[in-house]
Amino acid sequence: MALRAALRNKCGLSSLLSQLSSCSSHGGVRVSPAFIAQQRNNSSSSAVKVDFDQSTGVAVLHMQSPPVNSLSLDFLTEFCINVEKLEMDKSCRGLIITSSQPKVFSAGLDIMEMYGKSPERCGVFWKAVQEMWLKMYSSNMVTIAAINGSSPAGGCLMSLTCDYRIMADNPRFSIGLNETQLGIVAPFWFKDTLVNTVGHRHAEMALELGLLYNPSEALKIGMVDQLVPEDQVLTTAAQTMKKWLAIPDHARQITKSMMRKPTVEKLRSEREADINNFVSFITKDSIQKSLRMYIEMLKKRKG
Amino acid sequence: MALRAALRNKCGLSSLLSQLSSCSSHGGVRVSPAFIAQQRNNSSSSAVKVDFDQSTGVAVLHMQSPPVNSLSLDFLTEFCINVEKLEMDKSCRGLIITSSQPKVFSAGLDIMEMYGKSPERCGVFWKAVQEMWLKMYSSNMVTIAAINGSSPAGGCLMSLTCDYRIMADNPRFSIGLNETQLGIVAPFWFKDTLVNTVGHRHAEMALELGLLYNPSEALKIGMVDQLVPEDQVLTTAAQTMKKWLAIPDHARQITKSMMRKPTVEKLRSEREADINNFVSFITKDSIQKSLRMYIEMLKKRKG
Amino acid sequence: MALRAALRNKCGLSSLLSQLSSCSSHGGVRVSPAFIAQQRNNSSSSAVKVDFDQSTGVAVLHMQSPPVNSLSLDFLTEFCINVEKLEMDKSCRGLIITSSQPKVFSAGLDIMEMYGKSPERCGVFWKAVQEMWLKMYSSNMVTIAAINGSSPAGGCLMSLTCDYRIMADNPRFSIGLNETQLGIVAPFWFKDTLVNTVGHRHAEMALELGLLYNPSEALKIGMVDQLVPEDQVLTTAAQTMKKWLAIPDHARQITKSMMRKPTVEKLRSEREADINNFVSFITKDSIQKSLRMYIEMLKKRKG
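This report concerns the structure included in the present document. In every chain, residue numbers begin from 1 and rise along the written sequence. Lettering for chains starts from A, numbering for ligands starts from 1, and both go in the order in which the items are written. Per-residue local features are limited, in this predicted model, to residues with pLDDT of at least 70; the limit for side-chain atom pairs, both in listing and counting, is 80 or more; totals at the level of whole chains, interfaces and linings are taken over all residues. For the side-chain quantities, the full set of heavy atoms in the structure was used; hydrogens and water were omitted.

**A short note on the relation of the copies chain A and chain B**
To go from the first copy of the chain to the second, apply a rotation about an axis and then a shift along the same axis. Laying chain A over chain B is done by rotating through 120° and shifting 0.0 Å along the axis; what remains is an RMSD of 0.0 Å. Look at the turn and shift together and you get a three-fold axis relating the two. Proximity to the rotation axis, assessed at the C-alpha, singles out G199 of chain A in chain A; its C-alpha lies 4.2 Å from the axis. Here the copies were fitted onto each other by least squares, based on C-alpha atoms from residues at pLDDT of at least 70 in both.

**Observations regarding the packing of helix α6 (residues 188-198) of chain B against helix α7 (residues 200-209) of chain B**
Residue and element names in this part refer to chain B. Where helices are involved, their axes are fitted lines through C-alpha atoms of the stretch in contact, as for all axes, and angles between N-to-C directions lie from 0 to 180°. Going along the chain from the N terminus, every DSSP run of H or I of four or more residues is numbered as a helix, and every run of E of two or more is numbered as a strand. Packing of α6 against α7 brings their axes to within 7 Å, and their N-to-C directions diverge by 130°. It follows that α6 is oblique to α7 by the angle criterion. For the crossing formed where α6 meets α7, the hand is right-handed. Between α6, through K191, L194, V195 and V198, and α7, the contact on the second element is made entirely by H200, H202, A203, A206 and L207. Any residue that is not Ala, Val, Leu, Ile, Met, Phe, Trp, Tyr, Cys, Pro, Asp, Glu, Lys or Arg is counted as polar, Gly included; the first ten are nonpolar and the last four charged. For the contact of α6 with α7, the class distribution of residues is 6 nonpolar, 2 polar and 1 charged. Angle categories are assigned with fixed cut-offs, so that under 35 degrees is roughly parallel, over 145 is roughly antiparallel, 65 to 115 is roughly perpendicular, and the rest are oblique. Each crossing gets its handedness from the near helix: less than a right angle anticlockwise from the far helix is left-handed, clockwise is right-handed. Contacts are assigned to residue pairs that have any heavy atoms within 4.5 Å of one another.

**Remarks on the pattern of salt bridges**
Here, a salt bridge means any side-chain nitrogen of Lys or Arg that lies within 4 Å of a carboxyl oxygen of Asp or Glu. Enumeration according to the criterion identifies 48 salt bridges over all chains in this entry. Across the salt bridge formed by R252 of chain B and D249 of chain B, the nearest N and O atoms sit 3.5 Å from each other. Remark: D249 of chain B and R252 of chain B occur in helix α10 (residues 249-269); sequence separation between them is 3 residues, near one turn of the helix. In the salt-bridge network here, residues are joined through shared partners; they are D163, R165, D225, K256 and R260 of chain A together with R201 and E204 of chain B.

**Focus: the interface of chain A and chain B**
Each partner contributes residues to the interface: chain A has 21 residues there, and chain B has 23 residues. Note on definitions: buried area is the accessible-area loss of two parts on being combined, 1.4 Å probe, summed for both. The junction of chain A with chain B conceals about 2100 Å² of combined surface from both sides, 66% of it contributed by carbon and sulfur atoms. The largest contributions to the chain A side of the interface with chain B come from W244, M258 and M259 of chain A, which together make up 29% of the buried area. Linking chain A to chain B there are 2 salt bridges. When the shortest N-O distance is used, the salt bridge between E204 of chain B and R260 of chain A registers 2.8 Å. Pairing of N or O atoms within 3.5 Å defines a polar contact, subject to two protein rules: one partner must be a possible hydrogen donor and the other a possible acceptor, and residues neighboring in sequence count only if both atoms are side-chain atoms. Counting across the interface, chain A meets chain B through 7 residue pairs in polar contact (both at pLDDT 80 or more). Looking at the side of chain A that touches chain B, the elements with two or more residues in it are β6 (164-168), α6 (188-198), α9 (233-245) and α10 (249-269) of chain A. The element contributing the most residues to the side of chain A that touches chain B is α10 of chain A, with 9 residues.

**A look at the interface of chain C and chain B**
Between chain C and chain B, the residue contacts involve 23 residues of the former and 21 residues of the latter. In this assembly, chain C packs against chain B so that about 2100 Å² is buried in total across both faces, 66% of it on carbon and sulfur atoms. Counting across the interface, chain C meets chain B through 2 salt bridges. Counting the contacts that link chain C with chain B gives 7 residue pairs in polar contact (both at pLDDT 80 or more). Secondary-structure elements contributing two or more residues to the side of chain C that touches chain B are α1 (2-8), α6 (188-198) and α7 (200-209) of chain C.

**Notes on helix α10 (residues 249-269) of chain C**
By the largest-angle criterion, R260 of chain C marks the main kink of α10 of chain C, which is about 55°, and a proline, P262 of chain C, follows within four residues. Where α10 of chain C is concerned, the buried positions are A251, R252, T255, K256, M258, M259, R260, T263, V264 and L267 of chain C. We define the bend at each residue as the angle formed by axes fitted to the 7 residues ending at it and the 7 residues starting at it. Here's how the labels work: a residue is buried when its accessible area is under 20% of the maximum for its type, exposed when over 50%, partly exposed in between, all with a 1.4 Å probe on protein chains only.

**Points about the sheet that holds strand β1 (residues 48-53) of chain B**
Residues and elements named next belong to chain B. Read from one edge of the open sheet, 6 strands run β1-β2-β3-β4-β6-β8, paired in mixed fashion. Since the sheet does not close on itself, it has two edges, and those belong to β1 and β8 (226-228), each with one partner. Going across the sheet, the axis of each strand differs from the next one's by a mean of 20°, ignoring polarity. Summarising the sheet, strand β4 (residues 142-147) and strand β6 (residues 164-168) pair through 4 bridges and their orientation is parallel. Pairing of A145 across the sheet is with R165, part of β6. Two strands are said to pair when DSSP picks up at least two bridges between them.

**Quick word on the environment of G210 of chain B**
All names here are of chain B. You can see G210 is positioned in the loop between α7 and α8 (215-221). Distance from G210 to R172, taken between C-alpha atoms, is 17 Å for residues 38 residues apart in sequence. With near-sequence residues (within four places) excluded, G210 lies in contact with L177, N178, T180, Q181 and M205.

**With respect to the environment of G155 of chain C**
All names here are of chain C. Mapped onto the elements of the fold, G155 is located in helix α5 (residues 154-160). The class of G155 is buried, set by a relative accessible area of 0%. With 50 residues separating them along the chain, G155 and F105 place their C-alpha atoms 6.8 Å apart. Among residues more than four places away in sequence, those in contact with G155 are L71, F105, S106 and G108.

**Overview of helix α11 (residues 271-282) of chain A**
Any helix carries an expected span of 1.5 Å times its number of residues minus one. Across its 12 residues, α11 of chain A extends 16 Å between first and last C-alpha, which sits within 8% of the 16 Å expected from 1.5 Å per residue. Those residues of α11 of chain A lying buried are R271, D274, I275, F278, V279, F281 and I282 of chain A. Along the long axis of α11 of chain A, the arc covered by the buried residues comes to 165°, so they all point the same way. Where α11 of chain A is buried, its residues contact α4 (119-137), α6, α10 and α12 (285-302) of chain A together with α10 of chain C. This arc is taken over the directions from the axis of the helix to the C-beta atoms.

So this is what it looks like as structure tokens:
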């Protein structure tokens, strides 16, 4: 059983932290040889870099925000602008999301956006997280997550919004919505996305225990769809994309909307309430204290 | 993973088409040795033939409309009349659906009913498809699909309405809701039936990609319940029926209704809107063009 | 496939009955060596016995109502009072439910409470069943079922309310909601609990056929989470509890509530109607006749 294994194995929080902090001491950007600079994204200061191949209609979005692609307000804003541009571009039919950072896909929501910030700022941040999810989960493009590193919390959420998930088969990597391990709570739309992917029971266990799964456990419960060697994640994503693009867009899009619309509409209709919930929860003294302890632990590991 | 295999394997649309068109060149009806003519269905022109065994309370409905049991308006009307008769007959407790055609259970909705027809006629046709689903999915009888051949699209839907699905373990056969491959879309109640059977995530992939599964893949995701050698499909269905009939009818029926009623009521309450949706979609120029191309491809294969 | 195996194997109703009746001829209470009498529950006439360890914050509730822990009105009342006490005690964070009776966890609802009783009394009984479910399914404590024997019907329901299920790996034990085999029907909230645990399709088959699964089949469909040798059920439960208690309570509790609240609210809002349904169903002549035949069969087996 994958869940027992996840409870038992070494891909728990501390292991993840050591991975992530060792990443951050690297800080380097692994540049794909196939990398082709694109005009609208050729600034080296960009948090994301988009390669759009007009001949295939497929864009690859590289997350390249050192050290661990944390989802800060700036990152999310830039991410959403780029996804929106591609969504509007009728020649773009498919989007592959991947990471240019070593060992990590995305470490999830940037804790610094939630610690010691004003309620207003927290609200703006949360709206950006919602926006990323809404754009991705209801995208008309075929979306594939090429998960070439660990992907906890918000990184897992981003993966779950895609149509298909390919993960590097490296047992040191992990993926999951581990919010409870940090004393915080995944909101209902994180939960809905997970239930839609792995079913009610696996979601219940995963969320209550804040489980991080290694790749083979994640495959077993359906949190990812396919494992490949680390150096084949992107090429497999490109091959898989061809199969998805063989389906007529209009039929696939109507079908995707039929599957996901109820989940999307639920957040759309409760968006303000969800922001208020988040802000009142995250600004509590007890939660701020938990976050401070967590941040201090991270600093010690880096030191 | 079954889904990757389905994407990769040879049971795709073209393979299915070649199977179905090779069937149609046969055109013969395989008559079961156990066949017992029944008065009300002894006309050789009937699309379906019902053997009802009073001693067991079990009816076997043989679909025998050459070449591939396409669900035309005539076929559906005759099918529904026969199911309704059995439903009203208190001595009939179980219904096994199977095919008398070689290699195919049912090829699904008859495309000729959707191509070049008036909106009125399309509406009448769609109402008959709804009727088949409503009757079968909410039947008080124990219903078992003895799937002795390929079962794409509407053929798969008919299988999914049953309480139990036994499929011939022949890797050349396939089953699935492959509508998107033809540029059309399975409506919400096809989707609901599939989600109820294989869960949300498998349904999402299956429907967006229009996947056709070979028998072992279908078993793996739960689209069918059991595989047996081709010549044992009917006998296994009869044995399985005995186990289902060992349960007191009233308790089983109330339980079945509890499981399926919300799904049934959803279509009942939106029946007219669903017909209008279908008619306006299928009569679009672009969809008619897709269907014409598909029909021409079928003709070439036959020629 | 677990379901086919369950249909085929020997853990059917008659096998279960023979197990249960052989238990009842024992009538002995297996006392755990680790048993520590607790003041508030040290009466030997108690149906349940609670060991609460202040140092770990974990209580173990032993069901010890000979012969088979039937859920009578008295039993349920005592069970609920004890759970309520622990729920109110802030120092109690985890609850393990197990049986002190040999070979059986709980045989489920006490049939004698449903046979030959007044409608009023049936209503009071059913309210107590609801109360047990409501308390357990929405408990703020971590709840683990240490299933050290067979667990049909109401015994299975009690297990399903827990956060985690560990079952003794003894092929003679079985678990399942087998109500239809007795001609009665599991109500919607039994069904909802099962769907939340094993998904819609497995729940449909399990409930319509009243399937009893042996431990390995139950594990395969997710009805239980883990199998261990019979003498390690309690120690494994205690170890597992530590992992659950490592998660901050507030985050875990909010998450659990998010997962289960809709299911809990559904019964809360329809509680009276559900009682009326039960009473009018169970007091029917035909149902009373079924129950009498069942009770007579049980008596013959004991004789």
